[in-house]
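Survey of secondary and tertiary structure
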Amino acid sequence: MLAPRLALLLSLACAALASTACRRAAPAPSPPVTVEPAPEPSRPATRDPRDALPRLTVALALRLEGRPALLVDLRARGLTTERWSIPALASATLTDLVARDDDGEIAATLEREGALARVRLARAPRGELRLAYVITPEEGAAAPEIPAGLELRLDSTRTLAAAEEVLLLPDDAPPARLAVELAWAPAPPHLLRLASTLGVEEGPREVSLDALRHAALLAGPLGTAIFRDPAGDDDFAWSGETSFDLRWSAAEIAGARTAVDMYFGAATTQRFTTLLAVDIDYPGDGIGVLVFPREGGLYVAISPGARWDARARLAVAQGLVHRWIGGRLRLDPEVAGPPEAGAWFDVGFGRAIAREVLVELGTLGADDVLDEVHGLVGELLTSPLRDKTNHEVAALAAAGDHDALALLVARGALYAGRLDALLRGKGGLRALIREIVTDARERRSAVVGWGELVDRIRRALDYEETRTFAAALLGGRPLPLPADLLGPCFAPAPRTYTRFELGFDAARSQAAEPPAIVGLDPRGPAARAGLREGERLHSVVADRSDPSIPAEVVVERRSGPITVTYRPRGASVRGQGWRRSPRADPKFCPP
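Predicted model, so just to flag it, every value in this text is computed and none were measured.

Quick look at the state of the cysteines now. What the rule picks out here adds up to one disulfide. Residue Cys-489 pairs covalently with Cys-589 via a disulfide, S to S 2.0 Å. Judged by the torsion about the S-S bond (-80 degrees), the Cys-489/Cys-589 disulfide is left-handed. Of this pair, Cys-489 sits in the loop between helix H11 (463-473) and strand S23 (490-492) while Cys-589 is found in the segment after strand S29 (578-580), placing the two residues 100 residues apart along the sequence. Each of the two residues, Cys-489 as well as Cys-589, counts as buried.

What the four strands build is an open sheet, ordered S6-S7-S3-S11; its pairing is antiparallel. With partners counted over all chains shown, the strands left at the sheet margins are strand S6 (108-113) and strand S11 (169-170), one partner each. Strand direction decides the pairing type here: strand S3 (residues 83-86) and S11, joined by two bridges, are antiparallel. In the strand pairing of S11, Trp-84 is matched with Pro-170.

Extensive coverage of strand S19 (residues 289-294) is indicated by the burial of six of its six residues. By the alternation rule, side chains of S19 split into Val-289, Val-291 and Pro-293 and Leu-290, Phe-292 and Arg-294, which are all buried.

The next thing to look at is the sheet that holds strand S25 (residues 536-541). The strand order across the open sheet built from three strands is S25-S26-S27, with neighbouring strands paired in antiparallel fashion. In this open sheet, the two strands that pair with only one neighbour each are S25 and strand S27 (560-566). In this sheet, adjacent strand axes meet at a mean angle of 20 degrees when their direction is disregarded.

What follows deals with the confidence of the model for the protein chain. The predicted model of the protein chain averages 86 in pLDDT, with 88% of residues at 70 or higher. Here residues 1-46 is modelled with pLDDT under 50, and outside its nearest four sequence neighbours on either side it reaches 67 contacts, counting other chains as well.

Turning next to the nonpolar core. One finds Phe-264 and Phe-349 to be the most contacted residues of the largest nonpolar core, which totals 94 residues. The dominant element in this core, judged by the number of residues it contributes, is helix H8 (residues 402-422), at ten residues. With near-sequence residues (within four places) excluded, Phe-264 lies in contact with Val-321, Trp-324, Ile-325, Ile-353, Ile-433, Arg-434 and Val-437. Residues Leu-60, Ala-99, Tyr-133 and Leu-194 belong to the second largest nonpolar core, which totals 43 residues.

Calculation notes
Residues numbered from 1 in each chain as written. Predicted model: local features only at pLDDT ≥ 70, side-chain atom pairs only at ≥ 80, totals over all residues. Heavy atoms only, no water. Disulfide = S-S within 2.5 Å. Helix = DSSP H or I, 4+ residues; strand = E, 2+ residues; numbered from the N terminus. Buried < 20%, exposed > 50% of the residue type's maximum accessible area, 1.4 Å probe, protein only. Pairing = 2+ DSSP bridges. Axes fitted to C-alpha atoms, helices over the stretch in contact; angles between N-to-C directions. pLDDT = per-residue confidence, 0-100. Contact = heavy atoms within 4.5 Å. Core = buried A, V, L, I, M, F, W, Y, C linked by side-chain atoms within 4.5 Å.

Written out as structure tokens, the structure is:
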């Protein structure tokens, strides 16, 4: 699993058919006839295999009087563990803990070690164990395990939580699998329900403890959709009002999930759940959605007013690809360095695959493809870090440098495109990736070594290509892109790339207490527009994908809040580009 800061990068990248049930008209009622039922042969009682598993029932409730709080009532049967823990309780407190079993109340001790909250019972429970407690959000930073956008939210319209910050779960000798039932208590009125990345249907389900620990939870007046198909089950739940129809988006995502699995040559029948919620405190920067892969599904934060456009589709598709590239299969760089050293593969290759899948589904058009690829090329050509090695860029990315993360992804996505073009007569990138996935599955390993990847490229192409591969991805050398990078539907067409340059460090500025302009470039566009280092910052609205769109920065001055508007344009460079070929066959090329 990627580090949380890399998981966020999935959103920087950038249909299933809903069957209807046809009912025949009921026949006219017949006169009643008395029939003596034939005796049924005796059959052995069918036993639900979940009955043999330890059982965990979790009921959640919201308390809004005074300080908002989440009430948790957890009941366990078949578990004798004396130690329970919440691993990521950094910006909340646990109070009012009560532990009881069939013999009565059990003394319990609560211990805190940073974000870890551990409960020790005075004795092993007998029969059904009940743990009831209250989780109250506090001011402060969330644990690093919880990405921004999935922090605990409690209000009258929505409850959002990551399981690792609210659920006490077995800590010593934990079972591999549980029969788990999640519920909203007390019994909710119509449309008030609880969903999780484990599924949206009520009733017990068999899950692994790890899946439960890393689930996302969403409660409120939810819309839901369920798709059942031999290629896999897809559940959806959503909260909030959007400018697009989330039912249609759910169908598209279900189709994309199936297409991604088919790309890797391994259809799945496992349930996959996507939660979507409009977030008034949306932490993104122009894409419109932020995607967080969770165990068993995705959580998608949607900005108010977002559109279901190409960038949103790509971000969600990349989250689906992450189950394979970056999830079940990760690159081991085989060099000392942070996890980001493999981001060009774990995230960059995933972005290229997501684009290919959506093109095949017909949900991306020619302009969408060009916008995506030109954005990557522009990042590669204009980045101030473009000449640095992979190790140097990864170290900066590990420290939170957005430009470094973006460059790593651009390098990987464009090299994946180069491989696809060079291997077009041999099955393309898809054939190479399928081989790697198949071998990893046979080895029961989630890691592909750097040397193994180089060797596969050498065998598929030649030794010279491995030198290009190492020079461009490890050494920071220019990456040559073939003229037919995008296939026969597109023709080369040079273009000018202009870098998005806000002129100050937006992330550090918004994280400051109180928020203020930090890292102002005295020669940059923000300084030229009149912004000053240290000015109190209210908000930033900018679209990183298009520096021609004016940025709006609201700062506090003596007369009150004012909006400073300017074009976030940085350096420009002439480079390789493409256009839709005038000879493109509309039957095979997206319009």
